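# Descriptive structure summary
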Amino acid sequence: MAQSALEVNCSGKGVCREAQTGMPLKVLPRPFSNLYKSKEDSEGNILKANVRAFYPLYAFARDDLDVTVPNEPKGWYQVGESAQGQPTGWMRAKDVLEWKQALIVSYTHPGEGDEARSRVLMFQDRDRLKSLIEGPNRAETFKSLYAALKQQQVPDGVVSKEPERFVDITEKFYMLPIVDFEMVNLQGDEARYLQLAAAVPGQRSDTDTLANPEFRTQSTQGSDLLVDLPAVKNLGVDLVFVMDMTASMQPYLDRTKEAIKAIATETTTLAEAKGHDTKIHFGLVGYRDDLKAVPDLGFVSKDFTPTLVNADEFGKLLDTEAKAATTSAGDYPEEVFAGMKTGLATHWDDNALKFLILVGDASSHPVGHPQNTTGLDEKTLHIMADDAQVHVLALHLNEARAESDHATASEQFGALAKERGPENSSALVEIDVEDKASFKSAVKVAADQVVALIERIDQATKMVESAPPTTGSGEAGGIATNPGIPSAATPGEPETAMPLQDKPPSPPVVSTVPPAVTDAPAPSAPVPAATPTEGVNPDPVVQTKAAMQRLIDSALVEYLGKNQTPPRDVIAWAFDRDPLNPATTALDVRVLLTKQQLSDLVTKLEFVTQALKMAELTQMAFFDALSSVAAGTVKNPDQIKNADKLKGAGLLDAFIESLPYKSDILSLSNEMYAAMTPTERAELERGLEAKLALYRIVNEDVDGWVKLNEGDDDAQKVYPLQLGALP
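Report follows, based on the coordinates. These numbers were taken from a predicted model, which means no experiment stands behind them.

What counts and how
Residues numbered from 1 in each chain as written. Predicted model: local features only at pLDDT ≥ 70, side-chain atom pairs only at ≥ 80, totals over all residues. Heavy atoms only, no water. Helix = DSSP H or I, 4+ residues; strand = E, 2+ residues; numbered from the N terminus. Contact = heavy atoms within 4.5 Å. Pairing = 2+ DSSP bridges. Axes fitted to C-alpha atoms, helices over the stretch in contact; angles between N-to-C directions. Buried < 20%, exposed > 50% of the residue type's maximum accessible area, 1.4 Å probe, protein only. Lys, Arg positive; Asp, Glu negative; His and termini not counted. Salt bridge = Lys/Arg side-chain N within 4 Å of Asp/Glu carboxyl O. Polar contact = N/O pair within 3.5 Å; in protein donor to acceptor, adjacent residues only side chain to side chain. 1 Å grid on protein atoms, 1.4 Å probe; cavity = no way out; pocket = protein on both sides within 12 Å on 5 of 7 lines; lining within 4 Å. Points joined across faces, edges and corners; volume = space filled by probe spheres on them. Nonpolar A, V, L, I, M, F, W, Y, C, P; charged D, E, K, R; others polar. Parallel < 35°, antiparallel > 145°, perpendicular 65-115°, else oblique. Left-handed = near helix turned anticlockwise from the far one by under 90°. Phe/Tyr/Trp six-rings, centres within 6.5 Å; stacked < 30°, edge-to-face > 60°. Lys NZ or Arg CZ within 6 Å of the ring centre and 35° of its normal.

Scanning the protein chain for helices and strands turns up 17 helices and 27 strands. Pairs at least 24 apart in sequence give 76% of the contacts found in the protein chain among residues at least 6 apart.

Following this line, the structure appears as structure tokens:
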């Protein structure tokens, strides 16, 4: 690790702070490091041996620090567990890593089947990784590495890897702090080599490397129906419909009821065969429009199922309570976003796959519209759905008289139904509003896919109970792992069942000189689901079946990774893209924010949105308006007034300005604002308001805030916010 000295202020009164950002300086202990009573490296001076690795501590002093030889820094850090507390001891400079900007990464959803991305490999040193990524035969070389790992062999220079099963940071918080990075331009795209320090709060391990046969086996074990049967045999499915209930929608409520009644008969038969509930439960959320505009509509959004119900009860509910409004909503757009927000707040079962089916014929009022009641847009709602592990299928009904609304509605519905995984496709299906039979069939086939999943699990359970398999292979048991059960095959390789065996403790090291292999087919470019293309069946029922199956596969990948533990106490270099397809992101960057930092960000962005409104109304220069709005709360309003860009204006916290991400707001200048069209200004304002609404929801997300240190109080809890959610 090439460690360099940050510009840091250590006054001797409290924690050290980074000069540029004002943030407390944190350090990450290396594995098997000691905490000393004083600056003396002796056994008798050890206060605590084997300090928890890569678990952030606060620095209170840096004494005699010398980084002339970057890999062997000299000197001492005085450290403590709380920024508000007292230092507890000293650690040698060579035993810690300075952690800049509180940035971490998380694994992206790997996808499933043939479209799955390859897993992240972790290398001992950067040079080895660079030579393979930038070499002439990158794809072939990495195929040979993955093939070796499937054979339980450890390639030269590879120390650990991302587990085959998805590890979702929103389900099980883990730490992959970015210690160092290097940019690389690959095929015209910016990618990064990242030095990561892997940790899981409250857990320790000195064996999470590929040299350990047990870790090697579990990290290369993919998802398989028979292997995972104990985890899925009691799996449930929650299916929530979010439906437009304005006056035009009664025929579609009726068709939904007819489809669900057919499903009720099937699930009742299945339940009788199993002797217990099928664990398929349904919910209904209706949305209309803003009551201020049309009071007689009755509600903006309404949850008809505070507790989810079985299919039979759901059909009765559709009979008695789910009625379209009898009053016209006025303008064509509705409050789709309000319905989505209510639907995402469903009391989901923790042991269930979660699906939401959105049905509507109109777009939603955008952020900033007087009838937008939530302050949210499609992008922020998609982030909320992702974090809640809710998978969205959108059925957009196209009405000829509203052709001018089609593009807006399709864009919104498509973004809400964006699928997880590397292909970046959308589970959006367009249906002609007059084709009510296809709509009914689409609802029926979507629910049928869920019933089929439960039946496959039940079939596998009976097979295992009657004749337990001798291997973990789905093929050995006679049950296909696809559709519905993701394959563990490595991209670019055939799906072959391979028994996993423990090898001797000293694993063989294999050469990374690639064998003669043929080029894999180039990955196809993602195609928006809303755009009919050659090879895509135009039948909406066929499209719905395929989209629902993709959502089920994706949800299973997440569910089966619930108990998967990522590598711990490892420091290594990784590439943030799929080496077989560098256009695919493998690691997402997140920033850990405290509640105070989030609160400050909300306050400052509110100033910016107010200034945008004032500048639009009064024709003031943007920074004059911003200086006027923030005058009573900032130390130097003139710094804002005289700023060239928002970055450096002294308004936003310095740590936000220092983060490595592209931001239209931070680069905003008077000239840029003056050159914007009214539409561009409105879009900028709407985007900020939507993110403000997201931040307020994040602030109330009790389960999403975590403690990094046992000594932290609630004020020091952090939230792993996606970098793309920043302004």
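There is more to say, and it comes next.
Let us look at the sheet that holds strand β19 (residues 352-360). Taken in spatial order, the 6 strands line up as β18-β17-β16-β19-β20-β21 in an open sheet, and their pairing is mixed. The open sheet is flanked by β18 (301-303) and β21 (428-432), the only strands paired with a single partner. Recorded for the sheet is a direction-independent mean angle of 20° between the axes of neighbouring strands. Pairing of strand β20 (residues 390-398) with β21, which is carried by 5 bridges, proceeds in the parallel orientation. Pairing of H396 across the sheet is with E430, part of β21. Seen against the sheet, helix α6 (residues 311-320) touches β16 (236-244) and β17 (280-287) and runs at an angle of roughly 20° to β17. Contacting β17, β19, β20 and β21, helix α9 (residues 403-416) runs over the sheet at an angle of about 165° to β20.

The subject of this paragraph is the side chain of D289. Considering the arrangement of structural elements, one finds D289 in the loop between β17 and β18. The side chain of D289 is buried and forms no salt bridge, while K292, the nearest opposite charge, is found at 9.7 Å. In terms of polar contacts, D289 uses its side chain to reach the side chain of H365, at 3.5 Å. Looking at D289, its side chain comes within polar contact range of the side chain of Q371, at 3.2 Å.

Looking now at the layout of surface pockets. What the second largest pocket holds in volume is close to 1,100 Å³. As for the second largest pocket, its lining consists of 36 residues, of which T170, D387, A388, D701 and D703 are closest to the centre. For the lining of the second largest pocket, the secondary structure elements donating two or more residues are α7 (336-344), β19, α8 (378-387), α11 (540-560), α17 (678-699) and β27 (718-722). For the lining of the second largest pocket, the per-class residue count stands at 19 nonpolar, 6 polar and 11 charged.

On the basis of which strands lie adjacent, the open sheet formed by 3 strands has the order β10-β26-β27 and antiparallel pairing. Bordering the open sheet on either side are β10 (103-107) and β27, each of which pairs with just one other strand. Adjacent strand axes in the sheet meet at a mean angle of 40°, parallel and antiparallel pairs treated alike. As paired strands, β10 and strand β26 (residues 587-594) are joined by 5 bridges and run antiparallel to one another. When the sheet's bridge partners are listed, I104 is paired in β26 with R590.

Once that is clear, we can look at the packing of α8 against α17. Helix packing geometry: the angle between the two helix axes and the distance between the axes. Their axes nearest at 9 Å, the elements α8 and α17 cross at an angle of 25°. For the element pair α8 / α17, the angle class is roughly parallel. As α8 runs across α17, the sense of the crossing is right-handed. Between α8, through T380, I383 and M384, and α17, the contact on the second element is made entirely by A690, K691, L694 and I697.

Counted according to the given criterion, the structure contains 10 aromatic pairs. On the numbers, 5.8 Å between centres and 25° between planes, the contact of F241 with F314 is stacked. Taken together, the positions of F241 in strand β16 and F314 in helix α6 put the pair 73 residues apart, joining distant regions of the chain. Looking at F241, the relative accessible area reads 0%, which means it is buried. Ring centres of F282 and F314 lie 5.4 Å apart, and the angle between their planes is 15°; on these two criteria the pair is classed as stacked. Highlighted residues: F282 in strand β17 and F314 in helix α6, separated in sequence by 32 residues. In terms of burial, F282 and F314 fall into one category: buried. Each member of the aromatic cluster is reached from another via a ring pair, and the members are F241, F282 and F314. A cation over a ring is seen here: K595 above W705, with NZ or CZ 5.2 Å from the ring centre. Sitting above the plane of the Y673 ring, R681 keeps its charged end 4.1 Å from the centroid.

The next point concerns the environment of K354. Structurally, the position occupied by K354 is in strand β19. For the pair formed by K354 and V390, sequence separation is 36 residues and the distance between their alpha carbons is 5.0 Å. When near neighbours in sequence (up to four residues on either side) are disregarded, K354 contacts D238, W348, A388, Q389, V390 and H391. At 2.8 Å, the side chain of K354 forms a polar contact with the backbone oxygen of A388.

Here the focus is the environment of G113. Note on placement: G113 falls in the loop between β10 and β11 (121-123). Judged by its relative accessible area of 24%, G113 is partly exposed. Between the C-alpha atoms of G113 and D553, which are 440 residues apart in sequence, the distance is 8.5 Å.

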